[in-house]
Amino acid sequence: GTTMTADIVRFGPRVAIGRFFYVGAEVDVGTLSGADGSPTTALGRDGATSPSSTPGAETMTPGIGGGTYAAAKAVAGARLFLGPFSGSVELATGVRDYVLHDAVDRPLGGSFGGAYEAHARVDLWATPKLSIGAVANTDLADKNDFSVGVVLGVHFRRYDGARH
């Protein structure tokens, strides 16, 4: 199968609605890299993975070399505080686009379509306007599509207005 890694920057403003709930948006932009562990054509009869002069030998198609990724989503979530920590759960929906290329930069295709995700997040509030945390995301349509990341939050209101 194919395993992809991504280097993504996310800009995600949120607006508090009351003490526990919020809405917002996310814009993700980044690059993809990956390795395709399985060939798209069979190995040659001689077991070679490169061109061979042996009659009947086939070659492997180059694997995924990388690509680009972009997404725009609307987000709704809920957050609870416990001391200097907060925990959040979110649902996000929007669109995502990615384009893949092989190791020699030939196009392999891509996809543009809907994005439906669930997020879980834990933050440590270093100051009332600065948090550091971790987030885990999963695609609701494809459970094998998940990501984890580190989050730096800069907040305009103290504790996003959730504390007094």
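Residues numbered from 1 in each chain as written. Predicted model: local features only at pLDDT ≥ 70, side-chain atom pairs only at ≥ 80, totals over all residues. Heavy atoms only, no water.

1. Topic: the pairing of strand β6 (residues 107–127)
Filter applied, for reference: Criterion used throughout: strands pair if DSSP finds at least two bridges between them. Runs of H or I in DSSP of at least four residues are treated as helices and runs of E of at least two as strands, each being numbered from the N terminus.
Pairing between strand β5 (residues 85–102) and β6: 17 bridges, direction antiparallel. Each bridged residue has a counterpart across the sheet, and for Val 99 the counterpart in β6 is Gly 110. Adjacent in sequence and paired antiparallel, β5 and β6 are bridged by four residues, among which Asp 105 carries a positive phi angle near 70 degrees. Following β6, the chain reverses through two residues before pairing antiparallel with strand β7 (residues 130–139).

2. A word on the environment of Asp 160
As for its placement among the helices and strands, Asp 160 is situated in the segment after β8 (146–154). Along the sequence, Asp 160 and Phe 20 sit 140 residues apart, while their C-alpha atoms lie 9.9 Å from each other.

3. Brief notes about the packing of aromatic side chains
Which entries qualify depends on this criterion: Whether two aromatic rings pair depends on their centres lying within 6.5 Å, for rings of Phe, Tyr and Trp, where Trp uses its six-membered ring; planes under 30 degrees apart make the pair stacked, over 60 edge-to-face, and the rest tilted.
This structure, assessed with the given rule, holds three aromatic pairs. Judged by centre distance (5.3 Å) and plane angle (50 degrees), the rings of Trp 125 and Tyr 159 are tilted. One end of the pair, Trp 125, is in strand β6; the other, Tyr 159, is in the segment after β8, with 34 residues separating them in the sequence. Joined through ring pairs, the aromatic side chains of Phe 81, Trp 125 and Tyr 159 make up one cluster.

4. Notes on the side chain of Glu 117
Filter applied, for reference: Here, two residues are considered to be in contact whenever any of their heavy atoms come within 4.5 Å of each other.
Within the secondary structure, Glu 117 is located in strand β6. Excluding its chain neighbours within four sequence positions, the residues that come into contact with Glu 117 are Arg 10, Glu 26, Tyr 69, Lys 73, Glu 90, Leu 91, Ala 92, Arg 96, Thr 138, Asp 139 and Leu 140.

5. Some words on the confidence of the model for the protein chain
For the record, the criterion: pLDDT expresses how confident the predictor is about each individual residue, on a scale running from 0 to 100.
Per-residue pLDDT for the protein chain has a mean of 83; in total, 81% of the residues score no lower than 70. Mean pLDDT values over the elements of the protein chain span from 85, in strand β1 (residues 2–11), up to 96, in β7.

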